[in-house]
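One-letter residues, chain by chain:
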Amino acid sequence: NYAPPSTWTVAALAGTATTATLRDGDVLETDADSRVRIAVGRIGIADIAPGSRLRRTRGAWNEHKLTLERGTIDA
């Protein structure tokens, strides 16, 4: 059985964003000048545009979920 990593890596692509991690329930926001890239478990990446807000949402043991509250995600 595959279990997604409990922590995903967040890296700054532009602006004032800092490198961090994203766990279940964490909220990530980018300001008007910041873009970030999230390493989504072992399945790929998601680029988060400026002015975005999202939450890593708990799913089943084999799910990778992000809930976008505003903004843009390219995955």
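Residues numbered from 1 in each chain as written. Predicted model: local features only at pLDDT ≥ 70, side-chain atom pairs only at ≥ 80, totals over all residues. Heavy atoms only, no water.

Undergrad: Explain the nonpolar core to me, using residue names and the numbers behind them.
TA: Membership of the largest hydrophobic core is limited to 10 residues, which are Trp8, Val10, Leu22, Leu28, Val36, Ile38, Val40, Ala46, Ile48 and Leu54. Those elements giving two or more residues to this core turn out to be strand 1 (7-14), strand 4 (35-40) and strand 5 (44-48). With residues near it in sequence (within four places) discarded, Val40 still touches Trp8, Ile45, Ala46 and His64. (Core = buried A, V, L, I, M, F, W, Y, C linked by side-chain atoms within 4.5 Å. Buried < 20%, exposed > 50% of the residue type's maximum accessible area, 1.4 Å probe, protein only. Helix = DSSP H or I, 4+ residues; strand = E, 2+ residues; numbered from the N terminus. Contact = heavy atoms within 4.5 Å.)

Undergrad: Go over the sheet that holds strand 8 (residues 73-74) with me, naming the residues and quoting the values.
TA: Strand order in the open sheet formed by 5 strands is 2-1-4-5-8, and the pairing between neighbours is antiparallel. Single-partner strands in this sheet number two, and they are strand 2 (20-23) and strand 8. When strand 1 meets strand 4, the two strands line up antiparallel, connected through 5 bridges. Each residue of the ladder has a partner; that of Ala11, found in strand 4, is Arg37. (Pairing = 2+ DSSP bridges.)

Undergrad: I'd like to hear about the pattern of salt bridges, residue by residue, with values.
TA: It is possible for side chains bearing opposite charge to pair when their charged atoms get close. The tally for this structure, following the rule as stated, stands at 8 salt bridges. Between Arg56 and Asp24 there is a salt bridge whose closest N-O contact spans 3.1 Å. Of this pair, Arg56 sits in strand 6 (residues 53-57) while Asp24 sits in the loop between strand 2 and strand 3 (27-29); the two residues are 32 residues apart in sequence, bridging distant segments of the chain. For Asp24, a relative accessible area of 33% corresponds to the partly exposed category. Across the salt bridge formed by Glu63 and Lys65, the nearest N and O atoms sit 3.9 Å from each other. The class for Lys65 is partly exposed, based on a relative accessible area of 36%. By sharing partners, the salt bridges in this structure join Glu29, Arg53, Arg55, Glu69 and Arg70 into a single network. (Salt bridge = Lys/Arg side-chain N within 4 Å of Asp/Glu carboxyl O.)

Undergrad: Please provide a residue-by-residue account of the environment of Gly15, values included.
TA: The topology assignment puts Gly15 in the loop between strand 1 and strand 2. Residue classification places Gly15 among the exposed residues on the basis of a relative accessible area of 51%. Those residues in contact with Gly15 that lie beyond four places of it in its chain are Asp33 and Ser34.

Undergrad: I'd like to hear about the sheet that holds strand 6, residue by residue, with values.
TA: Backbone-to-backbone hydrogen bonds join strands into a sheet, with any given pair of strands oriented parallel or antiparallel. The strand order 3-6-7 describes an open sheet built from 3 strands, whose pairing is antiparallel. Pairing within the sheet leaves two strands with one partner each, and these edge strands are strand 3 and strand 7 (65-70). Adjacent strand axes in the sheet meet at a mean angle of 25° when their direction is disregarded. Of the pairings in the sheet, the one linking strand 3 to strand 6 comprises 3 bridges and is antiparallel in character. (Axes fitted to C-alpha atoms, helices over the stretch in contact; angles between N-to-C directions.)

Scope: geometric values only; no functional claims are made or implied.
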